[in-house]
Amino acid sequence: MKGQDKLYLRFHGRILDSLGIQMYQSPVAAIAELIANAWDADANSVNINLPSSLSGNPEIVIEDSGHGMTFQECQNLYLDVGRNRRASVNGEKSRQGRPVLGRKGIGKFAGFGIAKILEVDTSTESERTVFKLELDGLRSNQYISTDEKAIPHSRCEPRSKPGTTVTLKCLTLKAVPNPQKFSQSMARRFLINQIADDFKLTVNDSPLPDDNELIGVEFDFPADYKDDERPKEVEIREEVGYEQLEGHEISWRIRFTNKPIDTEELRGISVFCGIKVAQTPFFFNLSGGLDGQHGQQYVSGWISADYLDRFQSDAITTERQRINWELPECGSLEKWGQARIKSLLRIWKKRRAEAKIEQIRNKIADFSDRLEHLETTEKRTVTKALEKLASIETLSSEQFNDLSNGVLTAWEDGKLRELIRTVSEQECIDEQAMLSLLAEAHVLNALHVAEVVNAKVEIIQSLRERIEKSELENSIRDHLAENPWLLSPEWETFKKEKSLGHIVAEAAENAGLTDEEGGRKRLDLVLSSGTQLLVVELMRPDLTADRDHIERYATYIDILRDKVSVNSGLGFKTVRGLLIADKLDRKPGMKQALERLENDGMKALEWRNLLSRAECQWEEFLNILVSRAPSDKRLSALQPVGENHDRNIQG
């Protein structure tokens, strides 16, 4: 070997591609590094001015109020590539005591990710320096030697206030940044609004949004801890939790929304060092079960752990988007994060279950009469089963209500009791058991309703036969009063109103509707529901409702409306009328009279048409119920009846 032979370590000019371009190709990532430099320079404010378009010669300007740099500091600090600033005299702190964010000395190249020219204008109280870095001049196919590279610059009179302005020119962006979205993304990279009162960041002179635009927060921890839930090591200050982890202080805030978070940048826990993100939202590599995976859709939060940025080895990747969790120094925080998230997910699940249990308890009040008929042990079993169902987060309120109705109906009918008992005794409901119960209870609930509807159709048919035989007596009127649904499903909630007897009698007399010949009294039926009043006149089967009677009937309802309106204490706001006759006169002009009634909230119908319409409506309802489970033989057996009845319905 010859003595003069040597090996040389050479740096290619293309190394700048790795340092500045490949890692910072989005405006947010590139400018975030320049904001970090402003923080380290003790700036109180930074404004980012974005261009409105990419036409002409657009620029992005980042202006801060920091202490600026002297000419020598520009040379020895800023232009010394790869300098570890933490090895300087001030070490981990800035001049005013802030924890330093910069470490590797390459953040200055971040701007080259979106621009070809980076112009720096920096001023201290005593001097001002302006210089320009051009990517094409720095990047080449040549090797970089240890010789100094000249940078164009100028020295000027200092500005009135110290600070640094970085202007990015010759932008390489494909689209102009949206200021609102840019601000939201920048807010997610910094904890400025949470912990940095002395550092204001604005975009086009507008402040960053608060709380990362998180909508529909249901639980906010640690503030929402109950006394028996809060870990003893957690201290709460202004809605933020503080605790010690192996001699290091960490702070955190984790929130749960009432609906799944659809913005990926918000879903998960971000880790910050200083005010800058070191780990984008994640779940501490937590695998978890089905419950944990489901609950993670509702979680958003942050953890501040400054100590991660003080290790001898780099715990944070160069682009400050991920922490190297393989390092032993990071292991304790990873385990802490997994434990804390698991604990909060359990609390969240319990809280949601409690809310649903309260909901079902309120709903059970609607079934109090049915529950009171159960024995004490049966009532306890059914209640426990409903509480287990309430703990299933994936059930919507509507599904929960339907299922609860189905469970109660199934128990009353003596069906599914063993399955319901099994559900009530399980600590965590088995998914397959829940699905089986849901499916069967759904069918049973439909079957129960279908049986009721089918019975109603049969009663309507029986009433039809009595009407056809002219058996319209007081007993039928009373039967209608107890079962107003016989008239139509819309009257199902109406009940017999007994307080208006004298008012109704006076109105009928004033309208000329006196008792008919033969000593048989007119049959009036007054029904009410809430503020609504329905007055039904039942004409004798052998009488025809002619135009004269229709007009007297309309007058009768109008008089009754007047009397009800002046008696506001009765609480009725709407009075409707229904005249039911064996037959209606078909003479000319009758159609127009009936249309006028219809337009004024009154009707006159023949028994045949009224019952056919009611029967048809209930049969359609029955068809819908049967269609819900076409393969179920029990429902299929309840075929709608009355298919051959006359459907020529008037009114």
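Here goes a summary of the coordinates provided. (Residues numbered from 1 in each chain as written. Predicted model: local features only at pLDDT ≥ 70, side-chain atom pairs only at ≥ 80, totals over all residues. Heavy atoms only, no water.)

1. Thoughts on unusual backbone geometry
Part 1: Note the cis peptide between Phe221 and Pro222, where omega equals 15 degrees.
Part 2: Tracing the backbone shows Pro222 in the loop between strand S11 (217-221) and strand S12 (235-237).
Part 3: Its identity as a non-glycine residue notwithstanding, Glu238 has a phi of 50 degrees, on the positive side.
Part 4: Position of Glu238 relative to the elements: it lies in the loop between S12 and strand S13 (240-245). (Helix = DSSP H or I, 4+ residues; strand = E, 2+ residues; numbered from the N terminus.)

2. Digging into the packing of helix H16 (residues 547-566) against helix H17 (residues 590-599)
Between two packed helices, the angle of one axis relative to the other and the distance separating the axes together describe the packing.
Part 1: Relative orientation of the contacting elements H16 and H17 amounts to 15 degrees, with a least axis distance of 10 Å. In terms of their interaxial angle, H16 and H17 are classed as roughly parallel. Remark: the crossing between H16 and H17 carries left-handed chirality. Residue-level inspection shows Arg547, Ile550, Tyr553 and Ala554 of H16 in contact with H17, the latter providing Met590, Ala593, Leu594, Arg596 and Leu597.
Part 2: Its residues assigned to classes, the contact of H16 with H17 shows seven nonpolar, no polar and two charged. (Axes fitted to C-alpha atoms, helices over the stretch in contact; angles between N-to-C directions. Parallel < 35°, antiparallel > 145°, perpendicular 65-115°, else oblique. Left-handed = near helix turned anticlockwise from the far one by under 90°. Contact = heavy atoms within 4.5 Å. Nonpolar A, V, L, I, M, F, W, Y, C, P; charged D, E, K, R; others polar.)

3. Some words on H17
Part 1: For H17, the set of buried residues is Met590, Ala593, Leu594 and Leu597. Seen along its axis, H17 keeps its buried residues to an arc of 95 degrees; they face one direction. Counted as exposed and oriented over 90 degrees from the buried face of H17: Lys591 and Asn599.
Part 2: Buried residues along H17 sit in contact with strand S21 (544-545), H16, strand S23 (583-584) and strand S24 (602-606).
Part 3: The first or second residue beyond H17 is Gly601, which carries a positive phi of 80 degrees. (Buried < 20%, exposed > 50% of the residue type's maximum accessible area, 1.4 Å probe, protein only. Arc of directions from axis to C-beta.)

4. Overview of the environment of Lys108
Part 1: Note on placement: Lys108 falls in the loop between helix H3 (71-78) and strand S4 (115-123).
Part 2: Note: C-alpha distance between Lys108 and Leu79 (29 residues apart in sequence) is 8.8 Å.

5. What to know about the pattern of salt bridges
Part 1: Under the criterion given, the structure shown has 22 salt bridges.
Part 2: In this structure, Glu127 and Arg155 form a salt bridge, with 3.2 Å as the shortest nitrogen-oxygen distance. Here Glu127 is found in the loop between S4 and strand S5 (128-134), whereas its partner Arg155 is found in strand S7 (residues 153-156), with 28 residues between them in sequence.
Part 3: The exposed category is assigned to Arg155, whose relative accessible area is 54%. (Salt bridge = Lys/Arg side-chain N within 4 Å of Asp/Glu carboxyl O.)

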